[in-house]
Structure formats: structure tokens, C-alpha cells
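Letter by letter, the chains look like this.
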Amino acid sequence: MVIPAIDVMGGRAVRLAQGRREDATVYSDRPWELVRAFADAGAERLHVVDLDGAFGDRPSQRAVIERILAAAPIPVQVGGGLRDEATVDAAFAAGAGFVVLGTAAAKNPAFAEAACRAHPDQVIIAVDARDGRVALEGWTETSEVTAQDLARHAADWGAHAVLYTDIARDGMKTGPNVEATRLLAENLSGRAHVIASGGIGSLEDVRALAGAGIAMAVIGRALYDGRFDVAAAIEAGRC
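These numbers were taken from a predicted model, which means no experiment stands behind them. (Residues numbered from 1 in each chain as written. Predicted model: local features only at pLDDT ≥ 70, side-chain atom pairs only at ≥ 80, totals over all residues. Heavy atoms only, no water.)

(A) Representation of helix 8 (residues 178–188) within the structure. Turning to helix 8, its buried residues are Thr181, Leu184 and Leu188. The arc that holds every buried residue of helix 8, seen down its axis, measures 65 degrees, which confines them to one face. Among the residues trailing helix 8, Ser189 stands out with phi positive, at a value near 50 degrees. (Buried < 20%, exposed > 50% of the residue type's maximum accessible area, 1.4 Å probe, protein only. Helix = DSSP H or I, 4+ residues; strand = E, 2+ residues; numbered from the N terminus. Arc of directions from axis to C-beta.)

(B) Examining helix 4 (residues 85–94) more closely. Among all positions in helix 4, only Thr87, Val88, Ala91 and Phe92 are buried. One side of helix 4 carries all its buried residues, which in axial view fall inside an arc of 135 degrees. The exposed set on the far side of helix 4, more than 90 degrees from its buried face, consists of Glu85 and Ala93. Check the buried side of helix 4 and you find it contacts helix 3 (62–71), strand 6 (98–101) and helix 6 (109–118). The residue sitting at the N-terminus of helix 4 and contributing the capping side-chain oxygen is Asp84; that oxygen lies 3.3 Å from the backbone nitrogen of Ala86. (Contact = heavy atoms within 4.5 Å. Polar contact = N/O pair within 3.5 Å; in protein donor to acceptor, adjacent residues only side chain to side chain.)

(C) Summary view of the pairing of strand 10 (residues 161–166). The buried fraction of strand 10 amounts to six of the six residues, a majority that puts the element mostly inside the structure. Burial along strand 10 is two-sided: the face carrying Ala161, Leu163 and Thr165 and the face carrying Val162, Tyr164 and Asp166 are both buried. Where strand 7 (residues 123–130) lies against strand 10, six bridges are found, and the strand directions are parallel. In the strand pairing of strand 10, Ile124 is matched with Ala161. Two elements, strand 10 and strand 11 (residues 193–197), share five bridges in a ladder whose sense is parallel. Paired with Val162 across the bridge in strand 11 is Val194. (Pairing = 2+ DSSP bridges.)

(D) Inspection of the side chain of Thr181 at higher detail. Turning to its location among the elements, Thr181 is positioned in helix 8. Side-chain polar atoms of Thr181 contact the backbone oxygen of Asn177, separated by 2.7 Å. Non-local contacts of Thr181, meaning those with residues more than four positions away in its chain, are made with Tyr164, Val194, Ala196 and Ile214.

(E) How the structure looks around unusual backbone geometry. Although it is not a glycine, Asp121 sits at a positive phi angle of roughly 60 degrees. Following the sequence through the fold, Asp121 ends up in the loop between helix 6 and strand 7. In the Ramachandran plot, Ser189 falls in the positive-phi region, its phi being about 50 degrees despite a non-glycine side chain. Mapped onto the secondary structure, Ser189 falls in the loop between helix 8 and strand 11. On the basis of relative accessible area, Ser189 is assigned to the exposed category, the value being 59%.

(F) Broad picture of the environment of Ala168. In this structure, Ala168 sits in the loop between strand 10 and helix 8. Put simply, Ala168 and Arg130 are 38 residues apart on the chain and 6.8 Å apart in space, counted from C-alpha to C-alpha.

(G) The arrangement of the packing of helix 9 (residues 203–211) against helix 11 (residues 230–237) in detail. Between helix 9 and helix 11, the shortest axis-to-axis distance is 8 Å and the interhelical angle comes to 35 degrees. The chirality of how helix 9 crosses helix 11 is right-handed. Residues Leu203, Val206, Arg207 and Ala210 of helix 9 form the contact with helix 11, whose participating residues are Ala232, Ala233, Ala236 and Gly237. Classifying every residue of the contact of helix 9 with helix 11 gives six nonpolar, one polar and one charged. (Axes fitted to C-alpha atoms, helices over the stretch in contact; angles between N-to-C directions. Left-handed = near helix turned anticlockwise from the far one by under 90°. Nonpolar A, V, L, I, M, F, W, Y, C, P; charged D, E, K, R; others polar.)

Take a look at the structure:
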């Protein structure tokens with residue numbers, strides 16, 4: 001499954017390089033208008049992140065996210081600043097099909113587990129890795145938690161999926177870390193889906209992930225820069 005990404009910062013759709021705010025490229029001042037084009041091209045799900053919320057401690061782009069959700073004819077997974085029960089409940093109430101927990105999962109595993117149990121098959125745990133360790137607070141901090149350990153916990157909690165991102169490759173179009181993603185999926189033994197993210201810059205990257213048995217991939221900058229479109233990526237993922 002090809003999942004186009006819409007990252008929102010300051011009300012605009014942007015893409016970052018390796019998660020750095022100072023390296024933001026603006027692609028749209030009206031992010032909600034991207035939704036229909038992605039859906040019409042065949043996307044079955046969208047990945048939407050409130051970057052201001054990810055860098056802060058609470059969602060900051062609620063009005064924009066709600067407008068995206070209202071425009072979306074397909075399920076949307078929403079992340080960024082979801083750190084407690086109230087923000088998770090608000091995301092679902094606004095129409096999110098899935099929520100993505102990152103920092104909260106590493107810093108407050110009891111909350112993340114409770115969220116997974118309360119919302120079966122609707123919680124995705126983001127495992128954002130830098131040199132094998134989980135990064136937090138919009139990737140500005142690196143914890144002592146390993147990516148593999150957090151992924152195993154997510155599967156134990158009953159998470160719908162683990163969203164694995166190699167930070168060094170994110171937004172760089174240098175290719176995803178196929179081997180690390182494959183190993184993580186292998187270690188989970190099918191107990192949770194694995195969603196690949198970070199560095200996908202060509203159709204060959206999509207084929208490589210599919211060939212490694214990865215069922216889903218979030219794609220951002222390569223779509224915005226016109227390296228390929230959603231329809232071509234979907235076709236490549238079938239190979």
C-alpha cells in the first residue's frame with residue numbers, strides 16, 4: 001500500500017530533510033487540496049503529521065488537520081503531538097482512521113499500550129530511528145530505547161502497525177533502509193504490520209520494499225518533486 005504523506009507546519013504542506021525545521025520546503029499553502037488528487041490517483045490511505053505538534057507537546061494545526069480529514073474520501077492516519085488520551089480521542093472524533101504515537105510511546109509506554117487496547121487496530125507506533133535508537137520530540141532528542149525493542153513492545157500492545165523511519169534517509173531520496181526494515185518486520189513475525197518510511201526516491205525503492213515483504217510505505221518528497229506519481233508507485237508495489 002502506497003501512503004502519500006502530508007506534513008503540516010505553519011498551516012502549509014511542507015517536507016523536511018532529516019526532520020530539520022530549518023530545511024523545510026513548502027509545497028502548498030492549502031494542504032487540504034492535496035487530498036483529492038492523491039485519492040483520485042488510487043491512494044487507499046493518507047499519512048498526515050502536525051509537525052508543529054511533533055516539535056511541541058500538543059497538536060497545533062488542528063484546524064488544518066480537521067479540514068484535511070473532512071476532505072478525505074479515504075482513511076487518514078494522523079500524528080504529531082498526540083501525547084495523552086484527550087488528544088488521541090480528539091483526533092478520532094475529528095475523523096482520523098488511525099492515530100500515530102511516537103514520542104509518547106517511548107516516554108509513556110503505559111499510555112501507548114492503553115491506547116492500543118482502547119482502539120484495536122487503529123493505533124500505529126512510530127519507530128523513528130537514529131543509529132538504531134529511538135528519536136523523540138520531533139527527532140530533536142535521541143533516547144536509549146532501541147528501535148527493535150519499541151517495535152516489539154508495539155506488537156505486544158496490539159498496535160495496528162509499526163511505522164519505521166530511518167531518520168538519516170528521511171526526505172533525502174537516497175533510498176530506504178530496506179535491510180533494517182526487513183529485519184524489524186522479521187522480528188515481529190507478523191504480529192503487527194510494518195510501514196516503511198524515509199528516503200524513498202524511486203520506483204525501484206518501492207519494488208525493493210515490496211520484494212522484502214514490506215506491505216506498506218509512506219512516500220513524501222518524491223511525489224511532491226515529481227519523481228513519480230502515486231499511480232506509478234502503486235503499480236511498482238505490485239511487482
